[in-house]
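Each chain, written out:
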Amino acid sequence: MAHASATVAGTELRRTVRAVVGSRTKLLMVAVVALVVLGPITAVGLFLLPELGEQAAAASLTADTAVTVTEYVTGGVAVLWVFLVMMSIMRTVTTVADVDEPAFLLLSTAVRNTVVGIVAAETALYAAVLLPFTVLFAAAFASGAGTVLPVLVAPLLVALLLLTAIPVGFVVGIWVRHLITVYEPVARYRTLLFAAFWVVYFGAIATGGLNVVMWSLFTTLQTSPLGWPGHLLLVGVPGIEPSMVGIAGALAGSALLVGLTFVAGVPSAQRHWFADPARTDDEEIDEETSSDRLSTLLPGTVSRPVRTVAVTAIRRTKRAPIRLAYAGYPLLGALGFIQQIIESGTVPSFMAVMFCLYVVWAAGVLFTLNPLGDLGPALPAVITSTLTGRQAIRGRMLAGALVAVPLALLVSLAFGLVSPLSLEHTAALTAGTVVGAVVTPALAAGVGSAFPRFGSVKLTNKREAVMPSKTAFVVYTLAIALPAVSAVVLYLEAPELIAGFVSSVSAWTPLPDVSISARAITVGSWIVLIAGLLAPVVAYHYAVERFDWYALE
């Protein structure tokens, strides 16, 4: 059993590491997280912890202070355990429970060995991230406190949390995945459930509700069994007497919890892995019915080929909505602004414009930023058919307009009316957003035809989809952002202010002085703005020609 479980764990670890190392995008994301998130936290921790260690060793803590420290440590440890469980549940639902090559793995060894190996691999992955930082922070505190105990007990605490949290998350996660993939009443609406979950999650972050929940857990779980492992960490804090009963209870409870989770995890995994996925007999009927309803929305002047391309593009996206996950990435950066809007009760004018600009941007990326690559295996058949480039590109543009124009109208009116903008400016914002939602698909079609991507990329460890290329994303975004910035500069009559700012910044630096006239900025802004207005027309004709003359290699 031990050899088989170790083999499964080693294989899962190699696959996970290979998936990260073999992807430049994932390596870049890891580097960004390490630099932007973990870097500042590490720097602050290494700066403060030695001083805290010195204060703990030098000062005789009062009874009230000792109680406060104990509450903060036990509450923090309990919240950390809950966080690890939630992370384990999410990874189990999305990745871990969907084993690679199940026909081989589940027949070559017992399910018990597979469960032990997978949980061990997950535990090792979390430990590889948490333990180095734990040892580093513990060593920093120990250097100030003058004792080696923090370096010894902190890794033990992390190991205790991981050995209990990961199995619990696995058991809960595998039942959640079973419900959304096997149990038909839930599986039928799993896309809506996923969307609702992420809306609630990001809504809780934006509104501050997540902070309220975390603080409630922090205060409630301090004296619960989940906080008992915190007393193990208190062993390394001078001047505080940890509860030996709490430590004994944590060790005994952890051993019991691990045993119970594996007793429940093995039959749960067996039930899920050997079950048939849910199938609904009326999927094709519903799809055809929805396609017919969509066709009736199109005007009668639309030719049949264009109508077919538009309906097919929307239908394929409905089948696999994860293909549009990239369109929502910019909204992650708006969470802080949403929280500010909720707290202030009003929408700043610039935020109304930014959200409308996002809708205009999204209108192009929905269906037209990769017109050739999105065809996938059907590319040779479509290229050699009687479908012309004009029909193909217009069909995708029509699909984007059908989805984006109503959204543009709703968003622009809503944000315009709740913001300080006047009715005239709201009307102008609405008209500009709607026109932009119609025009940007043409711009995206040309950019996507110039920089296509034909291969699929991994959105998760288990899900792949054909996405536009990074170059297309960057070029398309700049083609919208630069004219928009130029329009703002001209509207605010800011060239003189910009010229003065450039001169001031240049004077502060040791580099040679850089001077630029306000007239040059004005002329440049007009050139960029006019080029941006003409770009969709040029891009549309290029996309048509590219489709008509595309040669298979």
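Cut-offs used in this document
- Residues numbered from 1 in each chain as written.
- Predicted model: local features only at pLDDT ≥ 70, side-chain atom pairs only at ≥ 80, totals over all residues.
- Heavy atoms only, no water.
- Helix = DSSP H or I, 4+ residues; strand = E, 2+ residues; numbered from the N terminus.
- Buried < 20%, exposed > 50% of the residue type's maximum accessible area, 1.4 Å probe, protein only.
- Contact = heavy atoms within 4.5 Å.
- Areas by Shrake-Rupley, 256 points an atom, 1.4 Å probe, with all protein chains shown as cover.
- Salt bridge = Lys/Arg side-chain N within 4 Å of Asp/Glu carboxyl O.
- Axes fitted to C-alpha atoms, helices over the stretch in contact; angles between N-to-C directions.
- Parallel < 35°, antiparallel > 145°, perpendicular 65-115°, else oblique.
- Left-handed = near helix turned anticlockwise from the far one by under 90°.
- Nonpolar A, V, L, I, M, F, W, Y, C, P; charged D, E, K, R; others polar.
- Expected span 1.5 Å × (residues − 1).
- Bend = angle between axes of the 7 residues up to and from the residue.
- 1 Å grid on protein atoms, 1.4 Å probe; cavity = no way out; pocket = protein on both sides within 12 Å on 5 of 7 lines; lining within 4 Å.
- Points joined across faces, edges and corners; volume = space filled by probe spheres on them.
- Core = buried A, V, L, I, M, F, W, Y, C linked by side-chain atoms within 4.5 Å.
- Phe/Tyr/Trp six-rings, centres within 6.5 Å; stacked < 30°, edge-to-face > 60°.
- Polar contact = N/O pair within 3.5 Å; in protein donor to acceptor, adjacent residues only side chain to side chain.
- pLDDT = per-residue confidence, 0-100.

Caption draft 1: Main features of the overall build of the protein. The number of helices and strands found in the protein is 22 helices and two strands. Burial statistics for the protein: of 553 residues in total, 39% are counted as buried. Across the protein, contacts joining residues at least 24 apart in sequence account for 80% of those joining residues at least 6 apart. Accessible surface for the protein amounts to roughly 30300 Å². Of this, 71% is attributable to carbon and sulfur atoms.

Caption draft 2: Here's a closer look at the pattern of salt bridges. Evaluation of the coordinates by the stated rule reveals six salt bridges. As a salt-bridge pair, Glu 12 and Arg 15 come within 3.7 Å of each other at their nearest N and O atoms. Highlighted residues: Glu 12 and Arg 15, both in helix α1 (residues 2-21), separated by three residues, approximately one helical turn. Residue class for Glu 12 comes out buried when judged on its relative accessible area of 17%. Two residues, Arg 177 and Asp 98, come together in a salt bridge whose shortest N-O distance is 3.7 Å. Placement of the pair is Arg 177 in helix α6 (residues 149-181) and Asp 98 in the loop between α3 (63-96) and α4 (102-108), with a sequence separation of 79 residues. Arg 177 sits in the buried class, given a relative accessible area of 16%.

Caption draft 3: The arrangement of the environment of Pro 150 in detail. Mapped onto the elements of the fold, Pro 150 is located in helix α6. Its relative accessible area of 6% is what places Pro 150 among the buried residues. Once the C-alpha coordinates of Pro 150 and Leu 232 are considered, the two residues, 82 residues apart in sequence, prove to be 9.8 Å apart. With sequence-adjacent residues up to four places away left out, Pro 150 is seen in contact with Ala 138, Phe 141, Ala 142, Pro 155 and Gly 236.

Caption draft 4: Inspection of the side chain of Thr 261 at higher detail. By the element assignment, Thr 261 lies in helix α11 (residues 244-273). You can call Thr 261 buried: its relative accessible area is 8%.

Caption draft 5: Just the environment of Thr 70, in detail. By the secondary structure assignment, Thr 70 is in helix α3. Residues Thr 70 and Gln 222 lie 152 residues apart in sequence; the distance between their C-alpha atoms is 8.6 Å. Sequence-distant contacts of Thr 70, that is, excluding residues within four places in its chain, are made with His 231, Leu 234 and Ile 240.

Caption draft 6: Molecular detail of the packing of helix α19 (residues 423-450) against helix α22 (residues 518-548). Relative to each other, α19 and α22 sit at 50°, their axes nearing to 7 Å. One element, α19, and the other, α22, form an angle in the oblique class. Handedness of the crossing formed by α19 with α22: left-handed. Across from Val 439, Ala 442, Leu 443, Ala 445, Gly 446, Ser 449 and Ala 450 in α19, the residues of α22 making contact are Ala 535, Pro 536, Ala 539, Tyr 540, Tyr 542, Ala 543 and Arg 546. Here the contact of α19 with α22 is composed, by residue class, of 11 nonpolar, two polar and one charged.

Caption draft 7: Broad picture of helix α2 (residues 24-58). Compared with an ideal rise of 1.5 Å per residue, which puts 35 residues at 51 Å, α2 spans 49 Å between its outermost C-alpha atoms and is within 8% of the ideal. At Leu 38, α2 is bent by approximately 45°, the largest bend along its length, and proline Pro 40 sits one to four residues beyond. Among all positions in α2, only Lys 26, Thr 42, Gly 45, Leu 49, Gly 53 and Ala 56 are buried. Check the buried side of α2 and you find it contacts α1 and α5 (111-145).

Caption draft 8: Region of interest: the layout of surface pockets. Considered as a void within the structure, the second largest pocket measures approximately 1200 Å³ in volume. Lining of the second largest pocket is provided by 31 residues; of these, Val 353, Leu 357, Ala 484, Ala 487 and Val 488 occupy positions nearest its centre. Listing elements by their share of the lining of the second largest pocket, those giving two or more residues are α16 (349-365), α19, α20 (470-491) and α22. Looking at which element gives the most residues to the lining of the second largest pocket, the answer is α19, with 10 residues.

Caption draft 9: The arrangement of the nonpolar core in detail. Grouped together as the largest cluster of nonpolar side chains are 43 residues, with contacts concentrated most on Val 115, Ile 118, Leu 162, Phe 170, Ala 269 and Trp 273. Sorting the residues of this core by element identifies α2, α3, α4, α5, α6, α10 (230-234) and α11 as the ones contributing at least two each. At 10 residues, α6 tops the list of elements feeding residues into this core. In contact with Leu 162, not counting residues within four places along its chain, are Leu 84, Thr 123, Tyr 126, Ala 127, Leu 130 and Pro 167.

Caption draft 10: Broad picture of the packing of aromatic side chains. Counting across every chain of the model gives eight aromatic pairs. Taking the centre distance of 5.3 Å and the plane angle of 25° together, the rings of Trp 215 and Phe 218 count as stacked. Of this pair, Trp 215 and Phe 218 both sit in helix α9 (residues 209-220), three residues apart, which is roughly one turn of the helix. We classify Phe 218 as buried; its relative accessible area is 12%. Connected via pairs of aromatic rings, a cluster forms that spans Tyr 358, Trp 361, Phe 473 and Tyr 476.

Caption draft 11: Summary view of α19. For α19, which comprises 28 residues, the first-to-last C-alpha distance of 40 Å matches the rise-based estimate of 40 Å (1.5 Å per residue) to within 8%. Maximum bend of α19: about 30°, positioned at Ala 437, with proline Pro 441 one to four residues after it.

Caption draft 12: Spatial organisation of unusual backbone geometry. A positive phi angle, near 45°, is found at Glu 101, a position not held by glycine. Among the structural elements, Glu 101 can be located in the loop between α3 and α4.

Caption draft 13: Here's a closer look at the side chain of Thr 368. Assignment of secondary structure puts Thr 368 in the loop between α16 and α17 (379-383). On the basis of relative accessible area, Thr 368 is assigned to the buried category, the value being 1%. Here the side chain of Thr 368 touches Pro 441 through a polar contact of 3.2 Å, landing on its backbone oxygen. Aside from chain neighbours lying at most four places away, what touches Thr 368 is Arg 396, Met 397, Pro 441, Ala 444 and Ala 445.

Caption draft 14: Structural context of the confidence of the model for the protein. With 90% of its residues at a pLDDT of 70 or more, the protein shows a mean pLDDT of 83. For the protein, per-element mean pLDDT is lowest for helix α12 (residues 283-297), which scores 52, and highest for α6, which scores 92. This stretch, residues 281-285, has a pLDDT under 50; its non-local contacts, to residues over four places away or in other chains, come to one contact.

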